[in-house]
Amino acid sequence: RSLASGVGKTRLAVADACKLAYPFYYDEGKGKWVKNGHNERVLFIMTEQTPEQVLKMILAYLTGINESKFRFNRLTKDEQDRVNRAKAIIKAYKENLQLMRIPDPNVEQIKLAIREKVIVHEIKYVFFDYVFISPAILNEFRGHNIRNDEALLLMATALKDIAIEQNVSVFTSTQVNAKIDDNKEIRNEASLAGGRSTINKADNGMIGARPTKEE
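Quantities reported herein were computed from a predicted structural model and do not represent experimental measurements.

Peer 1: Before we move on, could you go through the overall build of the protein and cite the residues and values that matter?
Peer 2: Each helix and strand counted, the protein has 7 helices and 8 strands in total. Relative to the compact-globule value of 17 Å for 215 residues, the protein shows a C-alpha radius of gyration of 18 Å, a close match. Each of the three principal axes of the protein carries a C-alpha extent, and together these read 60 × 50 × 30 Å. Expressed as a percentage of the 215 residues in the protein, the buried residues total 44%. For the protein, the proportion of contacts with a sequence separation of at least 24, taken over those separated by at least 6, is 71%. Here the protein displays about 12,000 Å² of accessible surface, and carbon together with sulfur accounts for 48% of that area. Put simply, the protein has 33 plus and 28 minus side-chain charges, and the middle of one group is 5 Å from the middle of the other.

Shown next as structure tokens:
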């Protein structure tokens, strides 16, 4: 159960989810399809992205083709063959990667959604796109005068609780603050936006950031 932050957090999460869900992907270095993944049941919960956007990320991971080429349909015959092979893999392992979109989540909604998918589809790994302060969670605790850091902590706590309750691994991310790119020290929980308390619910974590000029 990790808390990751930084640039391209959704793409990192999709790549991790694909690595767990699909046994095969195209290795550009070797120029061939390789069996170097797993065969696990994974749930990916989207908050901002649409299923179509996430599908492009999945195809990009499996094929090694940049997403921009899908947008402009500039595929060579070899790349189109790779896309067709990737689609066949997605279809063959369609039960392995479940997509769900919750654009305005609250604590109970997240718990119910994960609980249902774990029971019905035997999910072992859950990716929740990222922890943020949604209107729904503010409404859920209306009248309690919760601060922003407390709202973030409630979301992180919900994910940790459901991970323990259902015995699943939960991966998520959160935003970093505006000073992250100027930070010349070792980046730690002080780089998180909205409060440091969310890191207390994580078993493992990483900060993703652009390297400074010195680095």
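Now that the structure has been shown, the text picks up again.
Peer 1: Which residues make up the nonpolar core, and what are the values?
Peer 2: Within soluble globular proteins, side chains that are nonpolar generally end up buried alongside one another. Tyr22, Phe44, Ile58 and Leu97 are the most contacted members of the largest nonpolar core, which has 28 residues in total. Elements represented by at least two residues in this core include exactly helix H1 (9-21), strand E2 (24-27), strand E3 (32-35), strand E4 (42-46), helix H2 (51-63) and helix H4 (77-92). Grouped together as the second largest cluster of nonpolar side chains are 22 residues, Ile102, Val118, Ala163 and Val170 included.

Peer 1: Give a detailed account of the pattern of salt bridges, specifying residues and quantitative values.
Peer 2: Counting across every chain of the model gives 9 salt bridges. The salt bridge involving Glu67 is made with Arg11; its shortest N-O contact spans 2.9 Å. Here the residue Glu67 occupies a position in helix H3 (residues 67-72), and Arg11 occupies one in helix H1, the gap between them amounting to 56 residues. A relative accessible area of 15% places Glu67 in the buried class. The class of Arg11 is partly exposed, set by a relative accessible area of 48%. Across the pair Glu79 and Lys69 runs a salt bridge, and its minimum N-O distance is 2.8 Å. One end of the pair, Glu79, is in helix H4; the other, Lys69, is in helix H3, with 10 residues separating them in the sequence. Exposure remark for Glu79: the relative accessible area of 9% places this residue in the buried category. Each member of the salt-bridge network shares a partner with another, and the members are Arg147, Asp149 and Glu150.

Reading guide: rules and limits
- Residues numbered from 1 in each chain as written.
- Predicted model: local features only at pLDDT ≥ 70, side-chain atom pairs only at ≥ 80, totals over all residues.
- Heavy atoms only, no water.
- Helix = DSSP H or I, 4+ residues; strand = E, 2+ residues; numbered from the N terminus.
- Rg over C-alpha atoms; globule rule 2.2 N^0.38 Å.
- Buried < 20%, exposed > 50% of the residue type's maximum accessible area, 1.4 Å probe, protein only.
- Contact = heavy atoms within 4.5 Å.
- Areas by Shrake-Rupley, 256 points an atom, 1.4 Å probe, with all protein chains shown as cover.
- Lys, Arg positive; Asp, Glu negative; His and termini not counted.
- Charge placed at Lys NZ, Arg CZ, Asp CG, Glu CD.
- Core = buried A, V, L, I, M, F, W, Y, C linked by side-chain atoms within 4.5 Å.
- Salt bridge = Lys/Arg side-chain N within 4 Å of Asp/Glu carboxyl O.

Nothing here speaks to function; it is all geometry.
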